[in-house]
Amino acid sequence: MQSKTYKLLEWFIIFIMIPVSFAIHYSIWVKLALGCIGFTYIIYVLLRGEKQKFKIASHLNWKCFWSQTLIKLFIIAILTSIFVWFTDREALFSVLINKPLKWVILLFVYSFFSVYPQELIYRTFYFKRYSDIISNPFLFVFINAILFSLAHIFFANVLVSTITFFGGVLFAITYLKTKSTLLVSIEHAIYGSWLFTVGMGAMLGFPT
């Protein structure tokens, strides 16, 4: 399980074969089964193979994290607000204004049942399993962002692929610096929630 050959085969199946297969039309139940099996395997490897401890680390620099995250959020907020204003002005903050309850429920479900599993797979698992295979950190982050974008290929949406690539870069850098699933999940949830809030939900496949 720790050999380079095994890890490369594992990497190909989890990060290439399964995500690409989800873009192909076949039974949703088979896709759900593949996803559940794959996620169970990842948790098993993290716990047994990588000795991952699911606890909040004591060394986290919360002040630095929040200052950097809020600065990035401010930039993202400006850029996305301008984008929605010029591409679909009626959508700007429409869900927040017209469907506040749905907005709250969706952000809760998204943050806990989508963001955290994604970060376990694409940051915690990926960095712990494959950092010894690719020594160049810039290449490692770039490949991680490509794979994170590929994970969303089933949306068949160029905007989704583009945003998830750049999001993948940001999240990979955060994890590289903090080694914290919690912090990178919070950052991911904040940016993703903002995109839905500002009015990009329909563009990105959120239920609106």
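I will try to describe carefully the structure that is included in this document. Since this is a predicted model, take the numbers as computed values, not measurements.

**Some thoughts on the pattern of salt bridges**
Across all of its chains, the model carries 4 salt bridges by this definition. For Lys-7, the salt bridge goes to Asp-132, with nearest N and O atoms at 3.2 Å. Pair noted here: Lys-7 is in helix α1 (residues 4-21) and Asp-132 is in the loop between α5 (100-130) and α6 (137-150), with a separation of 125 residues, a long-range link. Note on Lys-7: relative accessible area 3%, which makes it buried. For Asp-132, a relative accessible area of 57% puts it in the exposed group.

**Let's talk about the environment of Thr-87**
Mapping Thr-87 onto the fold places it in helix α3 (residues 62-87). For Thr-87, a relative accessible area of 47% puts it in the partly exposed group.

**Some thoughts on the side chain of Arg-129**
Positionally, Arg-129 belongs in helix α5. Side chain to side chain, Arg-129 and Glu-10 meet in a polar contact 2.9 Å long. Excluding anything up to four places from it in sequence, Arg-129 contacts Met-1, Gln-2, Tyr-6, Lys-7, Glu-10, Tyr-41, Val-45 and Glu-50.

**Some remarks on the side chain of Thr-174**
Along the chain, Thr-174 falls in helix α7 (residues 158-178). Excluding its chain neighbours within four sequence positions, the residues that come into contact with Thr-174 are Lys-72, Lys-179, Val-184 and Glu-187.

**Focus: the nonpolar core**
If you look at the biggest cluster of nonpolar residues, it comprises 43 residues, and the most contacted ones within it are Phe-15, Tyr-122, Phe-125, Tyr-126, Trp-194, Met-200 and Leu-204. Contributions of two or more residues to this core are made by α1, α2 (28-49), α3, α5, α6, α7 and α8 (181-200). Of the residues forming this core, the biggest block, 11 residues, is contributed by α5.

**Side note on the packing of α1 against α6**
Relative orientation and spacing of two packed helices are given, respectively, by the angle between their axes and the distance between those axes. At a closest axis distance of 9 Å, the pairing of α1 and α6 adopts a crossing angle of 35°. Contacts between α1 and α6 pair Trp-11, Phe-15, Ile-16, Pro-19 and Val-20 from the former with Ile-143, Leu-147 and Leu-150 from the latter. For the contact of α1 with α6, the residue count by class is 8 nonpolar, no polar and no charged.

**A closer look at the layout of surface pockets**
In this structure, the largest pocket occupies an estimated 1700 Å³ of space. If you trace the largest pocket, you find 50 residues lining it, with Ser-114, Gln-118, Phe-148, His-152 and Phe-155 closest to the centre. For the lining of the largest pocket, the elements supplying multiple residues, two or more each, are α1, α2, α3, α5, α7 and α8. Considered class by class, the residues forming the lining of the largest pocket number 37 nonpolar, 12 polar and 1 charged. Taken as a whole, the second largest pocket encloses approximately 370 Å³ of empty space. For the lining of the second largest pocket, the secondary-structure elements that each account for two or more residues are α5 and α8. In terms of residues, the lining of the second largest pocket owes the most to one element, α5, which gives 5 residues. Of the residues in the lining of the second largest pocket, the class split is 9 nonpolar, 5 polar and 4 charged.

**Observations regarding α5**
Taking 1.5 Å per residue, 31 residues should reach 45 Å; α5 reaches 42 Å between its end C-alpha atoms and fits that length. Most pronounced at Tyr-110, the bend in α5 amounts to some 35°.

**As for α6**
In this model, α6 (14 residues) spans 20 Å end to end at C-alpha, consistent with the 20 Å of a helix rising 1.5 Å per residue. Looking only at α6, the buried set comprises Phe-140, Val-141, Asn-144, Ala-145, Leu-147, Phe-148, Ser-149 and Leu-150. Residues of α6 that are buried sit in contact with α1, α5, α7 and α8. The N-capping residue of α6, defined by a side-chain oxygen 2.9 Å from the backbone nitrogen of Phe-138, is Asn-136.

Calculation criteria
- Residues numbered from 1 in each chain as written.
- Predicted model: local features only at pLDDT ≥ 70, side-chain atom pairs only at ≥ 80, totals over all residues.
- Heavy atoms only, no water.
- Salt bridge = Lys/Arg side-chain N within 4 Å of Asp/Glu carboxyl O.
- Helix = DSSP H or I, 4+ residues; strand = E, 2+ residues; numbered from the N terminus.
- Buried < 20%, exposed > 50% of the residue type's maximum accessible area, 1.4 Å probe, protein only.
- Polar contact = N/O pair within 3.5 Å; in protein donor to acceptor, adjacent residues only side chain to side chain.
- Contact = heavy atoms within 4.5 Å.
- Core = buried A, V, L, I, M, F, W, Y, C linked by side-chain atoms within 4.5 Å.
- Axes fitted to C-alpha atoms, helices over the stretch in contact; angles between N-to-C directions.
- Nonpolar A, V, L, I, M, F, W, Y, C, P; charged D, E, K, R; others polar.
- 1 Å grid on protein atoms, 1.4 Å probe; cavity = no way out; pocket = protein on both sides within 12 Å on 5 of 7 lines; lining within 4 Å.
- Points joined across faces, edges and corners; volume = space filled by probe spheres on them.
- Expected span 1.5 Å × (residues − 1).
- Bend = angle between axes of the 7 residues up to and from the residue.

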